[in-house]
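Report on the structure
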Amino acid sequence: MHRPEDEPAPTIRRRGHLRTTAITIALGVVMFTVGAVALSPSRSGGPDTTPTASSAAGPVRGIAALRERVERLPKDPGSWADLGMALVQQARTTADQATYAQAEKALRHSLRLQPGENLHAEIGMGALAAARHQFRDALTWAEKAIATSPATPASYGVLADAHTQLGHYGEAEAAVQKMADLRPDSASLARASYVFELRGDTGGARELMERALRAAGTPSERAFAHTHLSALALGSGDPATALRQAETGLAGAPRDAGLLEARAKARAATGDARQAVADYASAIAEAPLPQYLLALGELQQSLGHRDAAEAQYAVLRAQETLRRAGDASADTDAILFEADHGDPRQAVSMAETAVRERPFIAVHDAYAWALHRAGRAQEALTQADKALVLGTRSALFLYHRGAIHQALGDTAAARRDLRQALSLDPSFHPLHAPEARTAIRRIDDTP
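What counts and what doesn't
- Residues numbered from 1 in each chain as written.
- Predicted model: local features only at pLDDT ≥ 70, side-chain atom pairs only at ≥ 80, totals over all residues.
- Heavy atoms only, no water.
- Helix = DSSP H or I, 4+ residues; strand = E, 2+ residues; numbered from the N terminus.
- Buried < 20%, exposed > 50% of the residue type's maximum accessible area, 1.4 Å probe, protein only.
- Areas by Shrake-Rupley, 256 points an atom, 1.4 Å probe, with all protein chains shown as cover.
- Expected span 1.5 Å × (residues − 1).
- Contact = heavy atoms within 4.5 Å.
- Axes fitted to C-alpha atoms, helices over the stretch in contact; angles between N-to-C directions.
- Parallel < 35°, antiparallel > 145°, perpendicular 65-115°, else oblique.
- Left-handed = near helix turned anticlockwise from the far one by under 90°.
- Nonpolar A, V, L, I, M, F, W, Y, C, P; charged D, E, K, R; others polar.
- Core = buried A, V, L, I, M, F, W, Y, C linked by side-chain atoms within 4.5 Å.
- Salt bridge = Lys/Arg side-chain N within 4 Å of Asp/Glu carboxyl O.

Some details on the overall build of the protein
Tallying secondary structure elements over the protein gives 22 helices and two strands in all. Residues counted as buried form 57% of the 447 residues belonging to the protein. By element, 51% of the accessible surface of the protein is carried by carbon and sulfur atoms, the whole surface being about 17500 Å².

Set out below in structure tokens:
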């Protein structure tokens, strides 16, 4: 394994211009590619690690030990902060809102014991806010942590994540650069990889994620790197490499939900639908996250298994009911699900709220699709352009914009976007990729 100092920090900026993009405090998703951040995303261990979903047993054992520690040392703010951060990690991997509440209780108790300059609790509160998609709160906590300790890299990770999701891309990249300058370890290199990915430089993103893998010091960091190397390969139309990366990661973390999803996507892309379904089911058993449920449902629908698809959609609807009861903002997966499998007008309402709170490119994309499905194509095009403003190479984003162009009668622009989507990743979506091919044929056959 390489030490962080074996290789120099990456350059995020050059001659005053943004060079290229990555934020990976995990936020319950596989970065932005699944419509949540990932972060989502789509797309977290301790403050100095790159979070990921690893096997359930490890975090549970760690939390049990931390609970015993706070019982022995009830007035130690550091022990309470460590417990709180471990609970944030568990909540991210299980999608359990009750665990988030436990995490907040532990972190706030730490802050009561030490109200000022409580670095680990401040970082923990920032990570918790980000996990809940409360990014303005995350920004506030990150700034507090930086004021407490300006040389702590993890604080800049939280800062970068918050700025990214708030659409402050220049500020996010500056935070990633500072984090990498302080310590070019797996966490900072993974964030730098995402910086490059968002800017459309997938080669640079892959190189930095490979460095993150070499620098990884924990099983969760290695699993995270393999997950995103798989996603980068698949998004570039290379399912064989995507499958290899996922399987290599699963050899070390066989119950990692993110890796199981990555292998499911790669297997679906190579035509192995049966095993893809099995992998999605395994991922859901580990963590019933919306992106896994939606992906499995749409894969089953593409196979003609309507009842099996509806079973996943029913769980998503139940999750949406809980979200509304808790007054939480909708994530992109929920918006896209509602647009495609529910009420597009409701999807627009959800997206309007989400984009006000989180004007990230994936949210603009989901908003665009909701508007399109609701018959508001001109407004949709404005949002679709915002989703692609950074030059992100996303087949799904391009497909969405291509369909919107087609609805507006701009067949040249539609053909361009749809062809680019399929050239990037011919199997980018089990339902929409075939629709893109059909749309191109119709355009080409029109006199």
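As for helix 5 (residues 135–148)
Taking 1.5 Å per residue, 14 residues should reach 20 Å; helix 5 reaches 20 Å between its end C-alpha atoms and fits that length. Within helix 5, burial applies to Phe-135, Ala-138, Leu-139, Trp-141, Ala-142, Ala-145 and Ile-146. Where helix 5 is buried, its residues contact helix 3 (97–113), helix 4 (119–131) and helix 6 (153–165).

Remarks on the packing of helix 4 against helix 6
The N-to-C vectors of helix 4 and helix 6 enclose an angle of 20°; their axes lie 10 Å apart at closest approach. Taken together, the axes of helix 4 and helix 6 lie roughly parallel to each other. For the crossing formed where helix 4 meets helix 6, the hand is left-handed. Across the interface between the two elements, Leu-119, Ile-123, Gly-126 and Ala-127 of helix 4 pack against Ala-154, Ser-155 and Val-158 of helix 6. Of the residues that constitute the contact of helix 4 with helix 6, the class distribution is five nonpolar, two polar and no charged.

Topic: the nonpolar core
In terms of nonpolar packing, the biggest core is built from 58 residues, with Leu-83, Val-88, Ile-123, Leu-128, Leu-159 and Met-209 touching the most fellow members. In terms of residues, this core owes the most to one element, helix 4, which gives nine residues. Counting 48 residues, the second largest nonpolar core, distinct from the first, contains Ala-339, Ala-351, Ala-370 and Leu-390.

Considerations on the pattern of salt bridges
On inspection of all chains with the given rule, the structure shows 24 salt bridges. For Arg-191, the salt bridge identified is with Asp-161, shortest N-O distance 3.0 Å. Placement of Arg-191 in helix 8 (residues 186–198) and of Asp-161 in helix 6 is noted, with a sequence separation of 30 residues between them. For Arg-191, a relative accessible area of 2% puts it in the buried group. With its nearest N and O atoms 2.9 Å apart, the salt bridge here joins Glu-379 to Arg-376.

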